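Next come the chains, spelled out residue by residue.
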Amino acid sequence: MAKGYWVSVYPAISDPEGLTAYDKLAGPAVRAGGGRLLSRGARVVAHEAGITQRVVLIEFDNFEQAVAAYESEAYQNALVALPDGAERDFRITEGID
């Protein structure tokens, strides 16, 4: 079965402390939903659009699990803490077997 992934790119972060508060809630919610953090804010070499800001990649055992984790009460509570000062492009995508 194909894995599921959360991919987040943050083109702009003007409230780093608020993002830290979100991270403290989101991390346990993601782990409770079966997610494994593969990358968060590590080094980036940008091509094409040239966006080098924070990138987060989280892996789940399957696509359905990734969607369910996003829709969970715990993660929805974490989203409330995501600051207005963090512009984010978030996607859930299915991997290839």
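Above: the structure in question.
The rules behind these values
- Residues numbered from 1 in each chain as written.
- Predicted model: local features only at pLDDT ≥ 70, side-chain atom pairs only at ≥ 80, totals over all residues.
- Heavy atoms only, no water.
- Axes fitted to C-alpha atoms, helices over the stretch in contact; angles between N-to-C directions.
- Helix = DSSP H or I, 4+ residues; strand = E, 2+ residues; numbered from the N terminus.
- Parallel < 35°, antiparallel > 145°, perpendicular 65-115°, else oblique.
- Contact = heavy atoms within 4.5 Å.
- Nonpolar A, V, L, I, M, F, W, Y, C, P; charged D, E, K, R; others polar.
- Buried < 20%, exposed > 50% of the residue type's maximum accessible area, 1.4 Å probe, protein only.
- Polar contact = N/O pair within 3.5 Å; in protein donor to acceptor, adjacent residues only side chain to side chain.
- Pairing = 2+ DSSP bridges.
- Arc of directions from axis to C-beta.

1. Focus on the packing of helix 1 (residues 16–32) against helix 3 (residues 73–81)
And then number 1: At a minimum axis distance of 8 Å, the contact between helix 1 and helix 3 shows a crossing angle of 175°. Between helix 1 and helix 3, the crossing angle belongs to the class labelled roughly antiparallel. Of helix 3, the residues touching helix 1 (which contributes Gly18, Tyr22, Leu25, Ala26, Ala29 and Val30) are Ala74, Tyr75, Asn77, Ala78, Leu79 and Ala81.
And then number 2: Residue composition of the contact of helix 1 with helix 3, grouped by class: 10 nonpolar, two polar and no charged.

2. Brief notes about the side chain of Glu59
And then number 1: When you line up the elements, Glu59 lands in strand 3 (residues 55–60).
And then number 2: Among the residues examined, Glu59 registers a relative accessible area of 12% and is labelled buried.
And then number 3: Within polar-contact distance, the side chain of Glu59 engages the side chain of Lys3 at 3.4 Å.
And then number 4: Not counting residues within four places of it along the chain, the set of residues in contact with Glu59 comprises Lys3, Gly4, Tyr5, Gly34, Gly35, Arg36 and Leu38.

3. Points about the sheet that holds strand 4 (residues 86–94)
And then number 1: With antiparallel pairing, four strands are arranged side by side in an open sheet as 2-3-1-4. With partners counted over all chains shown, the strands left at the sheet margins are strand 2 (36–40) and strand 4, one partner each. Across the sheet, the mean angle separating the axes of adjacent strands is 15° when strand polarity is ignored.
And then number 2: In the sheet, strand 1 (residues 4–13) pairs with strand 3 via six bridges, with the strands oriented antiparallel. Bridging across to strand 3, Trp6 finds its partner in Ile58.

4. Notes on helix 3
And then number 1: Taken as a whole, helix 3 has its buried residues at Tyr75, Ala78 and Leu79. For helix 3, the arc enclosing every buried residue in end-on projection is 105°, short of the 170-degree limit, so these residues lie on one face. Residues Glu73 and Val80 are exposed on helix 3 and point more than 90 degrees away from its buried face.
And then number 2: In this fold, the buried residues of helix 3 make contact with strand 1, helix 1, helix 2 (63–71) and strand 4.

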